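Residues per chain, in single letters:
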Amino acid sequence: MAMRFDGRVAIVTGAGGGLGREHALALARRGARVVVNDLGGARDGSGSSTTAAESVVAEIEAAGGEAMANAASVTDAAAVQAMVGAAMAKWGRVDILVNNAGVLRDKTFAKMELEDFRFVVDVHLMGAVNCTKAVWDIMREANYGRIVMTTSSSGLYGNFGQSNYGAAKMALVGLMQTLSIEGAKNDIRINCLAPTAHTRMTEDLGARLPLDLLGPDMVTPGLLYLVSEDAPSRCILAAGAGGFERAYVTLTQGAWIAGEDAPEQVAARFGEISDRTGEIVPEMGAAQGFTELTKAQAARKG
């Protein structure tokens with residue numbers, strides 16, 4: 001059966017262009033009513049305009065869908081709350097939140113000003129926190145919610161010149177991990193999407209990439225699954241050029257080490273500690289302590 005979102009209300013941040021625009025259009029085509037949020041600023045976060053969001057709303061309405069434009073900055077918690085309030089006043093519900101808004105201020109760490117680091121973290125991490133907090137109680141009361149955090153391979157694996165961006169993007173994975181545990185009893189499913197696409201955020205890489213393969217539309221099918229009724233939870237889905245992969249945060253079996261020469265043993269046995277044979281994907285953070293205590297108790301018995 002076709003994946004539909006009839007009767008659902010979705011908020012997509014950063015939806016004036018690129019990935020966000022594709023997400024908003026696709027959700028609307030499949031029946032969702034969409035809040036198209038976009039500050040309308042430059043890639044570095046400067047400036048603002050309602051034009052970008054209004055243009056996407058016009059596209060949705062021209063195709064027979066329902067949408068409303070919003071130009072709130074995701075860093076402004078009060079403005080975000082007002083955006084959610086407007087959606088509730090118009091449609092009476094919010095079922096889906098796609099945290100997609102972002103900025104870039106790339107420089108090597110040696111040359112980066114702390115304000116540029118702080119601003120990027122504020123937009124990506126605190127922007128997602130503000131939006132998620134604004135819909136959290138609505139979703140809890142409805143016993144239904146689908147939230148996607150837009151992470152990045154720059155956060156998962158690192159990328160030169162993007163310490164601020166990478167730190168913010170990996171922080172979103174940690175946010176997803178905990179909120180998915182807290183939201184489970186109310187059927188609030190939370191996932192991360194790590195996209196590879198040609199947008200204004202990646203335009204500096206253009207000469208090095210086969211741009212014809214990297215359209216944002218090749219990522220959006222993964223997003224639609226992550227916000228569907230049958231969505232998983234706590235998934236990090238990578239997507240780009242029609243390829244879809246899943247990333248995991250894992251824990252090796254490691255080794256038990258103690259004694260006066262413990263530092264030397266850690267060094268000597270680092271290969272054993274790093275061995276991925278039997279690694280696990282922990283259900284929650286406590287799994288690390290449990291694994292370590294299990295080794296300690298086994299060593300004591302031995």
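Rules used in this analysis
Residues numbered from 1 in each chain as written. Predicted model: local features only at pLDDT ≥ 70, side-chain atom pairs only at ≥ 80, totals over all residues. Heavy atoms only, no water. Helix = DSSP H or I, 4+ residues; strand = E, 2+ residues; numbered from the N terminus. Rg over C-alpha atoms; globule rule 2.2 N^0.38 Å. Buried < 20%, exposed > 50% of the residue type's maximum accessible area, 1.4 Å probe, protein only. Contact = heavy atoms within 4.5 Å. Areas by Shrake-Rupley, 256 points an atom, 1.4 Å probe, with all protein chains shown as cover. Lys, Arg positive; Asp, Glu negative; His and termini not counted. Charge placed at Lys NZ, Arg CZ, Asp CG, Glu CD. Polar contact = N/O pair within 3.5 Å; in protein donor to acceptor, adjacent residues only side chain to side chain. Pairing = 2+ DSSP bridges. Axes fitted to C-alpha atoms, helices over the stretch in contact; angles between N-to-C directions. Core = buried A, V, L, I, M, F, W, Y, C linked by side-chain atoms within 4.5 Å. Phe/Tyr/Trp six-rings, centres within 6.5 Å; stacked < 30°, edge-to-face > 60°. Lys NZ or Arg CZ within 6 Å of the ring centre and 35° of its normal. Parallel < 35°, antiparallel > 145°, perpendicular 65-115°, else oblique. Left-handed = near helix turned anticlockwise from the far one by under 90°. Nonpolar A, V, L, I, M, F, W, Y, C, P; charged D, E, K, R; others polar. Salt bridge = Lys/Arg side-chain N within 4 Å of Asp/Glu carboxyl O.

Looking only at helices and strands, the chain features 10 helices and 8 strands. Computed over its C-alpha atoms, the radius of gyration of the chain comes to 21 Å, within 12% of the 19 Å expected for a compact globule of 302 residues. Based on the C-alpha atoms only, the size of the chain along its principal axes is roughly 70 × 45 × 35 Å. Looking at the 302 residues of the chain, the share that counts as buried comes to 44%. Taking contacts inside the chain between residues at least 6 apart in sequence as the whole, the part at least 24 apart equals 70%. For the chain, the accessible surface area stands at approximately 15100 Å², while carbon and sulfur atoms represent 54% of it. Positive and negative side-chain charges of the chain, numbering 28 and 34 respectively, have mean locations separated by a distance of 4 Å.

Let's shift gears to the environment of G285. Topologically, G285 is positioned in the loop between helix 9 (270-274) and helix 10 (286-301). Residue G285 is classed as exposed on the basis of its relative accessible area, which comes to 65%. Residues G285 and Q177 lie 108 residues apart in sequence; the distance between their C-alpha atoms is 9.2 Å.

Our next topic: the side chain of N70. On the secondary structure map, N70 appears in strand 3 (residues 67-70). A distance of 3.0 Å separates polar atoms of two side chains, one belonging to N70 and the other to N37. For N70, the contacting residues outside a window of four places in its chain are V35, V36, N37, D38, A53 and M83.

With that out of the way, let us pick up the sheet that holds strand 4 (residues 96-99). Pairing is mixed in the open sheet, where 8 strands are placed in the order 3-2-1-4-5-6-7-8. Only two strands of the sheet have a single partner each, and these edge strands are strand 3 and strand 8 (243-247). Taking each pair of neighbouring strands and ignoring which way they run, the sheet shows an average axis angle of 20 degrees. Here helix 1 (residues 18-29) sits on the sheet in contact with strand 1 (9-12), strand 2 (33-37), strand 4 and strand 6 (188-196), set at roughly 170 degrees to strand 1.

A word on unusual backbone geometry. The backbone of N143 sits at a positive phi, close to 55 degrees, despite the residue not being glycine. Its location among the elements puts N143 in the loop between helix 4 (114-142) and strand 5 (145-150). Taking the relative accessible area as the measure of exposure, N143 reaches 42% and is therefore partly exposed. Phi at A241 takes a positive value of approximately 55 degrees, unusual for a residue other than glycine. In this fold, A241 is placed in the loop between strand 7 (236-240) and strand 8.

Within a regular strand, side chains alternate between the sheet's two faces. Looking at chain direction, strand 7 and strand 8 are connected through 5 bridges and run antiparallel. Residue L237 lies in a different strand from strand 8, and its bridge partner there is R246. Connecting the antiparallel pair strand 7 and strand 8 is a turn made up of 2 residues, with A241 showing a positive phi of about 55 degrees.

Another point: the nonpolar core. Of all hydrophobic cores here, the largest spans 42 residues; its most connected members are I11, V94, V135, I147, M149 and I190. At 11 residues, helix 4 tops the list of elements feeding residues into this core. Excluding residues within four positions of it along the chain, M149 makes contact with N99, A128, T132, L172, L175, M176, L179, I190, N191, C192 and L193. Within the second largest apolar cluster, 31 residues are counted, among which are A10, A26, I96 and C235.

With the rule as written, the count across this model stands at 1 aromatic pair. Of note, R8 hangs over the ring of Y144, and the distance from its end group to the ring centre comes to 3.8 Å.

This part covers the packing of helix 3 (residues 77-91) against helix 4. Put simply, helix 3 and helix 4 touch, their axes get as near as 8 Å, and they point 40 degrees apart. Classed by the angle they form, the pair helix 3 and helix 4 counts as oblique. For the element pair helix 3 and helix 4, the recorded crossing hand is right-handed. Each of A77, V80, Q81, V84 and M88 in helix 3 lies in contact with helix 4, whose residues at this interface are N130, C131, A134, V135 and I138. Looking at the contact of helix 3 with helix 4 residue by residue, the class counts come to 8 nonpolar, 2 polar and no charged.

On to the pattern of salt bridges, then. Between side chains of opposite charge, a pair can form when the charged atoms approach closely. Under the criterion given, the structure shown has 13 salt bridges. The partner of D6 in a salt bridge is R4, with the nearest N and O atoms 2.9 Å apart. For D6, a relative accessible area of 49% puts it in the partly exposed group. The salt bridge partner of R146 is D187, with a shortest N-O separation of 3.6 Å. Here the residue R146 occupies a position in strand 5, and D187 occupies one in the loop between helix 6 (163-183) and strand 6, the gap between them amounting to 41 residues. Note on R146: relative accessible area 0%, which makes it buried.

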